[in-house]
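# Structure at a glance
This is what each chain is made of:
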Amino acid sequence: MADVELSPTEWVHDQTKTILETGTTEGVKVLGRPIVLLTVRGAKSGKLRYTPVMRVEHDGSYAVVASKGGAAEHPTWYHNIKAHPEIVLQDGADPKDFTAREVDGDERAAWWERAVAAFPNYAEYQTKTERQIPVFVLDPK
C-alpha cells in the first residue's frame, strides 16, 4: 500500500504514523479508549487513505461512527466509505478485509448503544448536531 496518504490533521497523522511504525493498533488510544485503523479509498481522488476510529466490535463485526465530534457535517471519510465500501480494518496487528454498510432502524440503535458503551462521548456529540450521526457496520469479507 505504498500509495496511501496520511491525514493532514496532526493528531490523526501522528496516531497513524505510530500504528504504521509499530505494526499494531495496540496501545494507541483516543481519550483513553482503543482505536482501529481503516484504509479507505477517497471518493474523489481514488487514493487510499488511513483513518483511525474508535474500536467498536461485536461478534467479529465493527461499527464506525461518523460523528466528527458533533459537527454539522459528516467527516470526509463518511463520503469515502459511501463511495467505496470495500475497506481494510486493522485491529491489533492483523489487517482484514471488510465491507461497510450504513445501518438504520433497530440495527442502528443496537450498534449505537455499543458505540456509546465503547466511547461515551458519542452521546454528547449527538446532542451538538441536528443530523443523525451515521453508523456503518463493517462485516468481514
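### Focus on unusual backbone geometry
Negative phi is the rule for most residues except glycine; trans is the rule for most peptide bonds. A positive phi is found at L31, a non-glycine position, where the angle reads about 50°. Even without being a glycine, K68 presents a positive backbone phi close to 45°. Among the structural elements, K68 can be located in the loop between β6 (61–65) and α2 (76–83).

### Examining the side chain of S67
Position of S67 relative to the elements: it lies in the loop between β6 and α2. Exposure remark for S67: the relative accessible area of 7% places this residue in the buried category.

### Some points on the pattern of salt bridges
All told, the structure shown has 10 salt bridges when counted by the stated rule. Its salt-bridge partner being K68, residue E73 comes within 2.8 Å of it at the nearest N-O pair. Classification of E73 as partly exposed rests on a relative accessible area of 42%. Here the salt bridges share partners, and the residues they tie into one network are E5, K47 and R49.

### Examining the nonpolar core
Membership of the largest hydrophobic core comes to 22 residues, with the highest contact counts inside it found for I35, M54, V65, W111, W112, Y122 and V135. Those elements giving two or more residues to this core turn out to be β3 (33–41), β4 (48–54), β6, α3 (105–118), α4 (121–127) and β9 (135–140). If we ignore the near neighbours within four places in the chain, the residues touching V135 are A63, V64, V65, R101, E102, V103, R108, W111 and W112. Among the nonpolar cores identified, the runner-up in size contains 16 residues, and V36, L38, V53 and W77 belong to it.

### Looking at α3
Between its terminal C-alpha atoms α3 stretches 20 Å, which fits the 20 Å expected from 14 residues at 1.5 Å a residue. Against the buried residues of α3 lie β5 (57–58), β6, α4 and β9.

### Considerations on the packing of aromatic side chains
Each aromatic ring pair is specified by the distance between its two centres and by the angle formed by the two planes. By the definition in use, this model includes 6 aromatic pairs. With a centroid separation of 5.4 Å and an interplanar angle of 45°, the aromatic rings of Y78 and F136 are classed as tilted. Pair noted here: Y78 is in helix α2 and F136 is in strand β9, with a separation of 58 residues, a long-range link. Under the relative-accessibility criterion, Y78 is labelled buried at 10%. Ring centres of Y122 and Y125 lie 6.2 Å apart, and the angle between their planes is 75°; this geometry places the pair in the edge-to-face category. Highlighted residues: Y122 and Y125, both in helix α4, separated by 3 residues, approximately one helical turn.

### Side note on the pairing of strand β7 (residues 86–91)
For β7, a buried count of 5 out of 6 residues is recorded, marking the element as mostly surrounded by other parts of the structure. If you look at the hairpin formed by β7 and strand β8 (residues 94–102), you'll find 2 residues sitting between the two strands, and G92 has a positive phi there, around 80°.

### A look at the pairing of β9
Taken together, the 4 bridges between β6 and β9 define a ladder with antiparallel strand orientation. Within the sheet, the bridge partner assigned to Y62 lies in β9 and is L138. Across 5 bridges, the pairing between β8 and β9 is antiparallel. When the sheet's bridge partners are listed, T99 is paired in β9 with D139.

Basis of the calculations
- Residues numbered from 1 in each chain as written.
- Predicted model: local features only at pLDDT ≥ 70, side-chain atom pairs only at ≥ 80, totals over all residues.
- Heavy atoms only, no water.
- Helix = DSSP H or I, 4+ residues; strand = E, 2+ residues; numbered from the N terminus.
- Buried < 20%, exposed > 50% of the residue type's maximum accessible area, 1.4 Å probe, protein only.
- Salt bridge = Lys/Arg side-chain N within 4 Å of Asp/Glu carboxyl O.
- Core = buried A, V, L, I, M, F, W, Y, C linked by side-chain atoms within 4.5 Å.
- Contact = heavy atoms within 4.5 Å.
- Expected span 1.5 Å × (residues − 1).
- Phe/Tyr/Trp six-rings, centres within 6.5 Å; stacked < 30°, edge-to-face > 60°.
- Pairing = 2+ DSSP bridges.

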